[in-house]
Structures are given as C-alpha cells and as structure tokens.
Amino acid sequence: MSGIDATGLRLALFTDTFLPQLNGVTRTLDRLVAAVRERGGEALTWTTTDPAAVVDPGVRRLASVPFWAYPQLRLAVPGAAPVTRELRRFAPTLVHAATPFGVGLAGRAAAHRLGLPLVSSYHTSFSAYAQFYGLGTLSGLGWSYLRWFHNGGLRTYCPTRAVQRELRAHGLKRTRLWARGVDDRYFHPAYRSQELRQRLGADDEALVIIYVGRLAPEKGLDVALAAMNAAARQSPRRLVFAFAGDGPYAAACRAQAPPGSVFLGRIEGEALSAFYASADLFVFPSATDTFGNVLLEAMASRLPIVAADAPPTRELLGDGEHGMLVPPGDPLALAQAMLDLAADPARRDRLAARGLEEAARHSWDAIFDGLVGDYLEVTGRPARLRWRSRARRPVPGVASAP
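Residues numbered from 1 in each chain as written. Predicted model: local features only at pLDDT ≥ 70, side-chain atom pairs only at ≥ 80, totals over all residues. Heavy atoms only, no water.

A. Representation of the nonpolar core. Ile 210, Val 212, Phe 275, Tyr 276, Phe 282 and Ile 305 are the most contacted members of the largest nonpolar core, which has 34 residues in total. Every element with two or more residues in this core is listed here: strand S11 (207-212), strand S12 (239-244), helix H10 (269-277), strand S14 (281-284), helix H11 (293-300) and strand S15 (305-308). Examining the composition of this core, we find that 6 residues originate from one element, H11, more than from any other. Apart from residues no more than four positions distant in its own chain, Phe 282 is found in contact with Ile 210, Tyr 211, Val 212, Tyr 276, Val 294, Leu 295, Ala 298, Leu 303, Pro 304, Ile 305 and Val 306. Of all hydrophobic cores here, the second largest spans 33 residues; its members include Ala 230, Phe 243, Tyr 249 and Val 306. (Core = buried A, V, L, I, M, F, W, Y, C linked by side-chain atoms within 4.5 Å. Buried < 20%, exposed > 50% of the residue type's maximum accessible area, 1.4 Å probe, protein only. Helix = DSSP H or I, 4+ residues; strand = E, 2+ residues; numbered from the N terminus. Contact = heavy atoms within 4.5 Å.)

B. Spatial organisation of the packing of helix H2 (residues 80-90) against helix H3 (residues 102-114). One way to put it is that H2 packs onto H3 with a least axis distance of 9 Å and a crossing angle of 60 degrees. Classed by the angle they form, the pair H2 and H3 counts as oblique. Relative to H3, the crossing made by H2 is right-handed. Counted together, Ala 80, Val 83, Thr 84, Leu 87 and Arg 88 of H2 and Ala 106, Ala 110, Ala 111, Arg 113 and Leu 114 of H3 form the full contact between these two elements. Residues belonging to the contact of H2 with H3 are distributed by class as follows: 7 nonpolar, 1 polar and 2 charged. (Axes fitted to C-alpha atoms, helices over the stretch in contact; angles between N-to-C directions. Parallel < 35°, antiparallel > 145°, perpendicular 65-115°, else oblique. Left-handed = near helix turned anticlockwise from the far one by under 90°. Nonpolar A, V, L, I, M, F, W, Y, C, P; charged D, E, K, R; others polar.)

C. Spatial organisation of unusual backbone geometry. Between Leu 19 and Pro 20 the backbone carries a cis peptide bond, its omega angle lying at 15 degrees. In this structure, Pro 20 sits in the loop between strand S2 (10-14) and helix H1 (24-38). The backbone of Arg 302 sits at a positive phi, close to 60 degrees, despite the residue not being glycine. Counting through the fold element by element, Arg 302 comes out in the loop between H11 and S15. When its relative accessible area of 30% is taken as the criterion, Arg 302 is described as partly exposed.

Encoded structure:
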C-alpha cells in the first residue's frame, strides 16, 4: 500500500504521559511514533519515569513524582541543559510537545533554544479537569497559559473541529485538525464471546451495558452510576453493568455501582476486543473529553452508544445519527435512554450498524498520512508517496483474502 514517505523526518516527541500509562493520549502517541517509523522516519520520545516501564531505546525518561491530585499521573521538572544536550545529539528535524507541563515545557524550551521547528497538540481539557481536582484557580488561569504555550509553536493539532473552534475562540493560533482512528484488526464484531458474557453473569435474556475508560471524576461517572442504578430498578429486563479501566475513582465506583456490577480493571489486547464485542450497549457519560477514542472502538465493535451530548462527541456521533445523545449531567435522561434502547432491539441494531459504517471511515493510515504530510510541510520538505506493507492481524471467524 502507498503512503506518505517520512524518510529524513526525525521527530522528537515530548509528553508527560506515555506507556505504560494507559489512556487515550498514551495510546494515540504510541501509534504516532509507530506511524512515523513505518513511513521511514525516526522518532525519539521524552517522557516521565514510571515504576512499571521497561527499558526502551526509543524512550528517554525524566525523573518524576506522582501528581498528588491524581497519583496515576506523574510530574517532572527536568533541567533545561540535559534535555538540550540530548536533543542536540538526536538532531531532530521537528519537535512535538504533546503536553503543556514539565516534559512538554522542556521540549518547548529546548526547541526554541536550538532554533528547531516546534509543533504542539491539544489532547486534554486541563482547564475543565482542574475543577474536578480542587484546582479552581488553575482553571481560571488555564487559557492564558495555554495561549502562551501553544502559540509558541508553528501548529497546534486538535482532535475534532469542535475543539479547534473552541481553541480559536480562546486565541490559539495556527490550529490544524489531527483526528483519531480505529484499527478494525483489534475492534471487530467477530470478537463477540458467549463465554465472556457468561463470566460477566449474563444469561440469554440479560442486556450487558459497559463502560470503558479511566475511572476518574471528570469522566461523568457519578452521573453514569446514578443512571445505572435507576435503570436497574426500573427495567423489566435484567441489566448487567461491567466496567473496564482503572483510576483514582475506582473505589467510589465500586461502592456506588448497582449490585452485581463487574469491574475488570485494566484490560488490553484480545480481552478488550472481546469485552466490547460481547456487550449490548456502550455508555459514555463524559462531557470533558476532547475526543472519545473509546467511542470509535465501540462503533467498530458494532456496539450501540448512549453518550453525553458534548460538542466533540456530537461531532463524532453525527448529531445522534451514530449514537443516542442525552444532556450532560442528567442521570434521569441517561437512565431513560438506557431503558429505551433496552426495550428496542431494532433501534439498537440500527445505531450499531450506522456506527460500524462510520467507524470504517476512520482509518489510522489515512489520518497519520495527513499528519506526517503536515509535519513535512512544517519542516519545509515536500510530501512524497512510498510503498509500505501493513501486517494484518487475523480476526476471529473472518477469513483472510487469498
């Protein structure tokens, strides 16, 4: 298959969150590094230390400590001189600061010091998140800081047009769209497992409703849990609620969840593929996400969705064409949506089919060709096509083409 030729591109990526931390940002950035290398470029990542990290020659880890308000995230205050020396040795053609904190700041400063092209990306609504962690003052100051941070580069990449409009309204310049994709080798209806449904406690008559993501206050889980309890009390059909993910709100979620709810913690690979495909309904209560990667994964697994009606989510779900939207922060509306879909299998099937069709349009290959092409434009190099192969992961029950 053909794609953008990144030969000669040397990307220095700076991020305060990276694998083995597991969230939408880390998974996207891991894919970014792989995409640059698959296209013939080189990439080196600077990030925080992590007790669970393994040695990787493509990653430089800077001393860090857990963030007191969210111990799963880590903070670093790297020295400018060592980062600049390492960056000079790597000789990048482009620096990408993916987060606006310690490591991202270090990359920004070093790029300016060495006169290197700099871009940034906006992944997380830190201004909104600050309100959930007792950092209200930071929330008020957030936009001034973000303007300073992002406007110091040649691009600010945004995951959706809704986010792009918001950033422009707050004075961020030179924004570009960098959307997200989904890999149908990993998220596919063929992973549906009757055995897994039985392990979740679902018989043939039960409806399995799932949540996938971090267990954190800003994800709207209080609303989701209240809605789930209300739906469980009112539904004539047995509802099984299951959660995949971990985070600082895990204990509170377990305490508030309906009786019999299943918490699987952090799962990956085929276990996650099967979890999506074996469910009957996906709930996405967050109104703070800049892009819900899990929404695309659910859609590719042919799973109908009920979600909080926030601009980035509405954009992805086509104003409700590919999923059911409810007012954010309204547990009664969310409960009613779950009950309505539980009672209407034909509507669930229509939403699932439309979602699957939409997910097929979100190819990671096309998205990263667009991003790498823009990288090359920033560095002053014309984009060229090259041939590359992509190994196909076999999907259960789906024959490979001869």
